[in-house]
Amino acid sequence: MKKNIARTITLIIITQVLLSSACLIINSNGTPIETQVGFGTAPVIDGIIDVTKNEWNSAEKLSIALFQDIANQTDGLPIDLWILQSESSLNFLIRFDLNDHSSSEYDNEFIGILIADWEDSLNFTDAKIVQFSNMSENTLQYLDYYIDDDLYYEDITSDGEGIAKLEGNEIIYEFSMPVDIEEGGVEDVELEHGVEFDFEITFGKEAIYPGGIIISNIVSIYLEYPPGAPDRDFGELIMLVITIIIFSTIGALYAFYIYRITQLKKKIERIRS
């Protein structure tokens, strides 16, 4: 009986340690900003907000900041982050002001969106980057990389599109990425409806990755199914069931432990009497 009690206590302690470790890992990377994005018509990726076509009206509009240290969020760069789903794409608009945009310091400015696979959150393996080579002449390119052990490798086939446009001190970056494509390459994270993905928005002033990244922040996005489409994903339900089973088991073991202790006390009292 004592061995069973000891095993029960050990199991509870191990479970608590594992759960605590998971929380520490998440906190050390910063808690992602969670958002659920609705649907609209895919915008034209040209760095211009066309109000006559209401192309970003259905977007989820967030005001966030990019930080040098996501876990210690101080002195951030405020940005407008708009996110819009269409039936076949996920679209981002990033807008911010910088008084120094006219200086040569920002000639090689870039915005990157890093993507983590839904099965491995916060492990970013895909990067979509709009990189300036000469901002004063509006010379830029859209780059698609896969990331392996913190090294960036340019994709053989570029996936998605991106552009930026500077007007005065305000700059607008736009990105579009395919969702639920039938044949996703091994170099890309395959975005799927009904799944949550982590995206890291990054900003830098040198065309060096990841060394040129100065500030960033993480957004966690649940990609909804298109309106009228059947909900084909059972991932969240499975995770919920597993979570219930795990914590129900822990609760049952703890209740059994208390029961055994109570029974042991009663036996001791009977022996003494």
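Residues numbered from 1 in each chain as written. Predicted model: local features only at pLDDT ≥ 70, side-chain atom pairs only at ≥ 80, totals over all residues. Heavy atoms only, no water.

The next subject is the packing of aromatic side chains. Evaluated as defined, the whole model comprises 11 aromatic pairs. Pairing Phe92 with Phe199 gives two aromatic rings, centres 5.3 Å apart and planes at 55 degrees, and the pair type is tilted. You can see Phe92 sitting in strand β4 (residues 89–97) and its partner Phe199 sitting in strand β11 (residues 195–204), a full 107 residues away along the chain. With respect to burial, Phe92 and Phe199 carry one shared label: buried. Taking the centre distance of 5.8 Å and the plane angle of 35 degrees together, the rings of Tyr152 and Tyr209 count as tilted. On the criterion of sequence distance, the pair formed by Tyr152 in strand β8 (residues 151–154) and Tyr209 in the loop between β11 and β12 (213–223) is long-range, its members being 57 residues apart. Here the aromatic cluster, defined as three or more aromatic residues joined through ring pairs, consists of Phe96, Tyr106, Phe132, Tyr173 and Phe203. Directly above the ring of Trp82 sits Lys61, whose terminal nitrogen or CZ lies 4.8 Å from the centroid. (Phe/Tyr/Trp six-rings, centres within 6.5 Å; stacked < 30°, edge-to-face > 60°. Helix = DSSP H or I, 4+ residues; strand = E, 2+ residues; numbered from the N terminus. Buried < 20%, exposed > 50% of the residue type's maximum accessible area, 1.4 Å probe, protein only. Lys NZ or Arg CZ within 6 Å of the ring centre and 35° of its normal.)

Bringing the sheet that holds strand β6 (residues 124–134) into the picture now. Read across the open sheet, the seven strands follow the order β1-β12-β11-β5-β6-β7-β8; overall the sheet is mixed. This sheet does not close on itself; its edge strands, each paired only once, are β1 (33–37) and β8. Neighbour to neighbour, the strand axes of the sheet diverge by 30 degrees on average, direction disregarded. (Pairing = 2+ DSSP bridges. Axes fitted to C-alpha atoms, helices over the stretch in contact; angles between N-to-C directions.)

Moving on, we get to the confidence of the model for the protein. Predicted confidence across the protein gives a mean pLDDT of 83, with 81% of residues reaching 70 or more. Taken as a whole, residues 17–28 scores under 50 in pLDDT and shows four contacts with residues more than four places along the chain or in a different chain. (pLDDT = per-residue confidence, 0-100. Contact = heavy atoms within 4.5 Å.)

A few words on the sheet that holds strand β9 (residues 161–167). Taken together, five strands build an open sheet; the order of strands is β2-β3-β4-β10-β9 and the sheet is antiparallel. Every interior strand has two partners, whereas the edge strands, β2 (60–66) and β9, have only one. Averaged over all pairs of adjacent strands, the angle between their axes in this sheet comes to 20 degrees, without regard to strand direction. Two strands pair when backbone bridges link them, and β4 and strand β10 (residues 170–178) are joined in this way by nine bridges, in the antiparallel orientation. What sits directly across from Asp97, in β10, is Glu170.

Time to look at the nonpolar core. Of all hydrophobic cores here, the largest spans 38 residues; its most connected members are Phe92, Ile94, Phe96, Tyr173, Phe175, Leu191 and Phe199. Elements with a contribution of two residues or more to this core: β2, β3 (77–85), β4, β5 (110–116), β6, β10, β11 and β12. The dominant element in this core, judged by the number of residues it contributes, is β11, at five residues. With near-sequence residues (within four places) excluded, Phe199 lies in contact with Leu90, Phe92, Ile113, Leu114, Ile115, Phe124, Met177, Leu191, Asn217, Ile218, Val219 and Ile221. Membership of the second largest hydrophobic core comes to 14 residues, among which are Leu114, Leu143, Ile147 and Tyr209. (Core = buried A, V, L, I, M, F, W, Y, C linked by side-chain atoms within 4.5 Å.)

It is worth spelling out the pattern of salt bridges at this point. Taken as a whole and judged by the stated rule, the model has six salt bridges. Here Asp159 and Lys128 are joined by a salt bridge, their closest N and O atoms 3.4 Å apart. On the criterion of sequence distance, the pair formed by Asp159 in the loop between β8 and β9 and Lys128 in strand β6 is long-range, its members being 31 residues apart. For the pair Asp159 and Lys128, one class covers both residues: buried. A salt bridge links Lys128 to Asp188, with the nearest nitrogen and oxygen atoms 3.0 Å apart. Linking Lys128 in strand β6 with Asp188 in the loop between β10 and β11, this pair joins segments that are 60 residues apart in sequence. Lys128 sits in the buried class, given a relative accessible area of 1%. A cluster of three or more residues bridged by salt bridges with shared partners is formed by Asp126, Lys128, Asp144, Asp159 and Asp188. (Salt bridge = Lys/Arg side-chain N within 4 Å of Asp/Glu carboxyl O.)

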